[in-house]
Amino acid sequence: MKKLSPTVEDYLSLIYVLERDREPVVGARLAELLGVTPPTVTNTLKRMARDGWIVSGKKGLHLTKAGLESARTVMRRHMLTEWMMVNRLPWSKLHQEAHNLEHAISMEAENALLEELGHPSTCPHGNPLPGYEESTASWIPLTSVSTSEKVIIRRIHELAEQNVALMEFLESHGLILGSLVTVIDVLAFNQTLTVQVGDRPVTLGFTAARYVFVEYQR
């Protein structure tokens, strides 16, 4: 597989996530998520289209077969790197540190990590490794849970992982994978919901809460 620049790999992985979640892939959205200017995104996308990684369609950009294969590789290596550091760094900082290292992971190292880690189906934040999407399909956004319902946190979406301040907030308030929470208040007028975590209430805006995926307590 052709060695890609870190920038192209970043674009591929982000487009992969958006396409996987059936969100339209457009330049303005990419610029917002990547924190760069629209002209920068436009120029990068033109190069990626020229090199055969993406194509334009009626509903936005799409990964080509080669683009999808490369994006899946980048995502897998990122998630395996997170697992490699899971006992060495705070949970909230795994994503950023893995992002710094993922571009240097070789195929040999990737295969070794897969074997050592027992072929995990999700990353430490509960997001599915490429090919394991069905393992997380039944989990729902916290914003879909009614008042008084008890749920278990199973996943923090990749787009939330990019926000270090949000991840630190979630970790410090006990909103991590496996935590049992009860929705105690939903205020549509100001777009917030409050959950009970242990003996304390924690309030989240809908924008953040929709990236927290949960499963009903059995």
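Structural notes, computed from the coordinates. (Residues numbered from 1 in each chain as written. Predicted model: local features only at pLDDT ≥ 70, side-chain atom pairs only at ≥ 80, totals over all residues. Heavy atoms only, no water.)

### Some details on the sheet that holds strand β8 (residues 212-216)
- The strand order β3-β8-β4-β5-β6-β7 describes an open sheet built from six strands, whose pairing is antiparallel. Looking at the sheet topology across the chains shown, the edges are occupied by β3 (140-141) and β7 (200-205).
- Each of β4 (150-156) and β7 touches helix α8 (residues 164-172); the most contacted strand, β7, lies at about 160° to it. (Pairing = 2+ DSSP bridges. Helix = DSSP H or I, 4+ residues; strand = E, 2+ residues; numbered from the N terminus. Contact = heavy atoms within 4.5 Å. Axes fitted to C-alpha atoms, helices over the stretch in contact; angles between N-to-C directions.)

### Points about the pattern of salt bridges
- Taken as a whole and assessed by the stated rule, the structure comprises ten salt bridges.
- Where E158 meets R20, a salt bridge forms, and the shortest distance between an N and an O atom there is 2.8 Å. Of this pair, E158 sits in helix α7 (residues 158-161) while R20 sits in helix α1 (residues 6-20), and the two are 138 residues apart along the sequence. In this structure, E158 and R20 share a single accessibility class: buried. (Salt bridge = Lys/Arg side-chain N within 4 Å of Asp/Glu carboxyl O. Buried < 20%, exposed > 50% of the residue type's maximum accessible area, 1.4 Å probe, protein only.)

### Concerning the side chain of R155
- Positionally, R155 belongs in strand β4.
- Of the residues examined, R155 reaches a relative accessible area of 6% and is grouped as buried.
- Here the side chain of R155 touches N127 through a polar contact of 2.6 Å, side chain to side chain. (Polar contact = N/O pair within 3.5 Å; in protein donor to acceptor, adjacent residues only side chain to side chain.)

### Concerning unusual backbone geometry
- A positive phi angle, near 50°, is found at H119, a position not held by glycine.
- Within the fold, H119 resides in the loop between α6 (107-116) and β3.
- By relative accessible area, which is 40% here, H119 ends up partly exposed.
- A positive phi angle is found at Q191, which is not glycine, with a value near 60°.
- Mapped onto the secondary structure, Q191 falls in the loop between β5 (180-187) and β6 (192-197).
- When its relative accessible area of 43% is taken as the criterion, Q191 is described as partly exposed.

### Overview of the nonpolar core
- Residues L30, L45, M48, L142, L175 and V195 are the most contacted members of the largest nonpolar core, which totals 56 residues.
- At eight residues, α1 tops the list of elements feeding residues into this core.
- Once you skip the residues sitting within four places of it in the chain, L45 turns out to touch Y11, I15, G27, L30, I54 and L61. (Core = buried A, V, L, I, M, F, W, Y, C linked by side-chain atoms within 4.5 Å.)

### Topic: the packing of α1 against helix α2 (residues 27-34)
- At a minimum axis distance of 11 Å, the contact between α1 and α2 shows a crossing angle of 115°. The interaxial crossing formed by α1 with α2 has right-handed handedness. Only R29, L30, L33 and L34 of α2 make contact with α1, whose side of the interface consists of Y11, L14, I15 and L18.
- Taken together, the residues of the contact of α1 with α2 sort by class into seven nonpolar, no polar and one charged. (Left-handed = near helix turned anticlockwise from the far one by under 90°. Nonpolar A, V, L, I, M, F, W, Y, C, P; charged D, E, K, R; others polar.)

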